[in-house]
Amino acid sequence: MVFEQHEAVADTAAAQSENIGTFIQEHISNSDSWHLPGLHVHLPHIEPFNLFGATINLSITNHVVMLWIAGLFTVLLFTLGYKKNRPVQKGWGIFIEMLVLFIRDEIAIKNMGEKDGRRFTPLLVTFFIFIWIANLMGLVPLFTTSTSNINVTAGLAIVTFFATQIYGIKTSGPIGYYKNLVPHGVPIFLWPLMFLIELMGLIAKHVALTVRLFANMTAGHIVLFALLGLIVIFKSFLVAPVSVGFAMFSYLLEILVATIQAYIFTVLSSLFIGMSLNPEH
Amino acid sequence: MLQLDPGMMIWTWITFFAVLILLYKVALKPILSAISEREDSIRTDIEDARRQRDEAEALLEKHRKMVAEADMEAQKMIREAQSLAEKSRAEIVDKAREEAAVLVEKAKMEIEKQKDDALKSLRAEVVDLALGAAEKVLLQVVDKETNKKVVDDYLTSMPKSIKN
């Protein structure tokens, strides 16, 4: 009897897995509506327009809304949690202060030095909190992770990229900055080649920053849905304990990954900005 | 999943910078300034405390020295007073002794004088008596017996002290 059941499962599995695949695809990808239970909120559509040969679609999509919610939540966390008129904080205030202090001392000042570290702390704190909350939102029902969209992570990495370029040029001048890209002690005839390689490295660093966050956030969700999808594919409740168990495990792992990725993004951003501000001598 | 969508990127920037600016104005600026103010105040407090402790230690050292000096001074004063007292006692004793000696000397001299005076008057008396006795002897006719008796009487009538 068990054998027959397994045969039946094998038959339907092939058909079901395709459905599950598209379901996961749809869930992960951006859409123009917000799926709430029993209600599809259709978000405003703005006609795309062309600018410099690129089609720019400024429609308010699902991920844009999630970004806004993440931003709103970030600001609310800081304004409601931190009481300015209190010399010694309580509750959330302590947590926020600890977080800001940690980012200032352990990330910013350590990677950039005392003066620049203090200057860039607001940017790094915003990076960390914003990305962290955006990452964690995918784990809350009804919300999705905006950072599992490569355009969002690319946008954030480009902020870092421009920060490195603008502040690097500001401190050592345009010629000095790009000259510093090439390590010192390189023979003169290797300069053009090295410059090209370093330039590619510069771009690759930020592409890696983009892809790291995006891939981590996407992979977790795919794994989560794939595990739960197994129940549907096999049409058997026997799979459920295993699937739910593994899904629970990967959910908890996701919390860890969301935090770690936000931290890594912040640390690498501070490292890149610090490197462009203080080139090796 | 991997297609590029510039619109999404632009929305990311808009959202991120809005959050950055808002967060900086509303929360991060006051938080960071409060933190650095607190750090400064802690640092100055620690420095103040250190300086005050140093001052207190210096003061304590000074006071200790002062107490020791005062102690020494007192000891010295006591010693001086003692030696002074010793000296004055010796002086007084010496003086008393001297005075006593002077008095004794004076008394001796007085006695000597009295004795001289007494001797002088005695001598005059003796001369008178001798003259008287001689007169009596000369005036009376006396035998050997009587003569001897007169002299003996005379001698016994003389005070004993004049014998020598």
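Residues numbered from 1 in each chain as written. Chains lettered and ligands numbered in written order. Predicted model: local features only at pLDDT ≥ 70, side-chain atom pairs only at ≥ 80, totals over all residues. Heavy atoms only, no water.

Attention now moves to the overall build of chain A. On a plain count of helices and strands, chain A comes out with 8 helices and 4 strands. Ordered by position from the N terminus, the helices and strands of chain A form the series α-β-β-β-β-α-α-α-α-α-α-α. Relative to its full complement of 281 residues, chain A shows a buried share of 45%. Across chain A, the fraction of contacts at a sequence separation of at least 24, relative to all contacts at a separation of at least 6, is 66%. Approximately 15000 Å² of chain A is accessible, and the part contributed by carbon and sulfur atoms is 74%. (Helix = DSSP H or I, 4+ residues; strand = E, 2+ residues; numbered from the N terminus. Buried < 20%, exposed > 50% of the residue type's maximum accessible area, 1.4 Å probe, protein only. Contact = heavy atoms within 4.5 Å. Areas by Shrake-Rupley, 256 points an atom, 1.4 Å probe, with all protein chains shown as cover.)

Below, the discussion takes up helix α5 (residues 150-172) of chain A. Residue and element names in this part refer to chain A. Given a rise of 1.5 Å per residue, 23 residues ought to cover 33 Å, and the 32 Å separating the end C-alpha atoms of α5 matches this to within 8%. The N-terminus of α5 is capped by N149, whose side-chain oxygen sits 3.0 Å from the backbone nitrogen of N151. Note on α5: the residue one or two positions beyond its end, G173, has a positive phi of about 80 degrees. (Expected span 1.5 Å × (residues − 1). Polar contact = N/O pair within 3.5 Å; in protein donor to acceptor, adjacent residues only side chain to side chain.)

What follows covers the nonpolar core. Core analysis: the biggest nonpolar cluster contains 59 residues, and A:F78, A:V100 and A:F127 have the highest contact counts within it. Within the residue set of this core, elements represented by two or more residues are α2 (62-81), α3 (92-112), α4 (114-137), α5, α7 (191-234) and α8 (239-277) of chain A together with α1 (6-139) of chain B. Looking at this core element by element, the count peaks at 13 residues for α4(A). Beyond its immediate stretch of four places on either side in the chain, A:F127 contacts A:L156, A:V159, A:T160, A:F265, A:T266, A:S269 and B:F16. (Core = buried A, V, L, I, M, F, W, Y, C linked by side-chain atoms within 4.5 Å.)

What follows deals with the interface of chain A and chain B. Accessible area lost during the coming together of the parts is what is often quoted as the interface size. Each partner contributes residues to the interface: chain A has 45 residues there, and chain B has 32 residues. In this assembly, chain A packs against chain B so that about 3400 Å² is buried in total across both faces, 78% of it on carbon and sulfur atoms. In this assembly, chain A and chain B are joined by 2 salt bridges. In this structure, A:R104 engages B:E39 in a salt bridge whose closest nitrogen and oxygen atoms are separated by 2.6 Å. Between chain A and chain B we count 4 residue pairs in polar contact (both at pLDDT 80 or more) in total. For the side of chain A that touches chain B, the secondary structure elements donating two or more residues are β4 (54-56), α2, α3, α4, α5 and α7 of chain A. Per-element tally for the side of chain A that touches chain B: the top contributor is α2(A), with 9 residues. Looking at the side of chain A that touches chain B, its residues break down into 26 nonpolar, 15 polar and 4 charged. (Buried area = accessible area lost by both parts, 1.4 Å probe. Salt bridge = Lys/Arg side-chain N within 4 Å of Asp/Glu carboxyl O. Nonpolar A, V, L, I, M, F, W, Y, C, P; charged D, E, K, R; others polar.)

The next point concerns a negative patch on the surface. Side chains of B:E91, B:D94, B:E98 and B:E99 sit close together on the surface and give a patch of like negative charge. Relative to the helices and strands, B:D94 resides in helix α1. (Patch = residues over 30% accessible without salt bridge, like charges linked within 9 Å, V, L, I, M, F, W, Y side chains within 5 Å. Lys, Arg positive; Asp, Glu negative; His and termini not counted. Charge placed at Lys NZ, Arg CZ, Asp CG, Glu CD.)

If you trace the backbone, A:T121 turns up in helix α4. The class for A:T121 is buried, based on a relative accessible area of 0%. A distance of 2.6 Å separates a polar side-chain atom of A:T121 from the backbone oxygen of A:G117. In contact with A:T121, not counting residues within four places along its chain, are A:V100, A:R104, A:A108 and B:L32.

Moving on, we get to the packing of α3(A) against α4(A). All names here are of chain A. In contact at an axis separation of 8 Å, α3 and α4 are set at 125 degrees when each is read in the N-to-C sense. The orientation of α3 with respect to α4, classified from their angle, is oblique. Where α3 crosses over α4, the two elements pack in a sense that is right-handed. Residue-level contacts link F95, L99, V100, I103, R104, I107, A108, I109 and M112 of α3 to E114, D116, G117, R118, F120, T121, L124, V125, F128, I129 and W132 of α4. Across the contact of α3 with α4, the residue classes break down as 14 nonpolar, 2 polar and 4 charged. (Axes fitted to C-alpha atoms, helices over the stretch in contact; angles between N-to-C directions. Parallel < 35°, antiparallel > 145°, perpendicular 65-115°, else oblique. Left-handed = near helix turned anticlockwise from the far one by under 90°.)

Its location among the elements puts A:P183 in the loop between α6 (174-179) and α7. A:P183 sits in the partly exposed class, given a relative accessible area of 22%.

Below, the discussion takes up the side chain of B:T12. When you line up the elements, B:T12 lands in helix α1. With residues near it in sequence (within four places) discarded, B:T12 still touches A:L67, A:N151, A:V152, A:G155 and A:L156.

What follows deals with the confidence of the model for chain B. Per-residue confidence for chain B averages 86 on the pLDDT scale, and 92% of its residues sit at or above 70. Interface predicted TM-score (ipTM) for the complex: 0.80; the corresponding pTM is 0.71. (pLDDT = per-residue confidence, 0-100.)

On to α4(A), then. Residue and element names in this part refer to chain A. With 24 residues, α4 extends 34 Å between its outermost C-alpha atoms, agreeing within 8% with the 34 Å of an ideal straight helix rising 1.5 Å per residue. Of all the bends in α4, the greatest reaches close to 50 degrees and is centred on F120; the proline P122 follows between one and four positions later. By the criterion of burial, α4 is predominantly enclosed, with 19 of the 24 residues buried. (Bend = angle between axes of the 7 residues up to and from the residue.)

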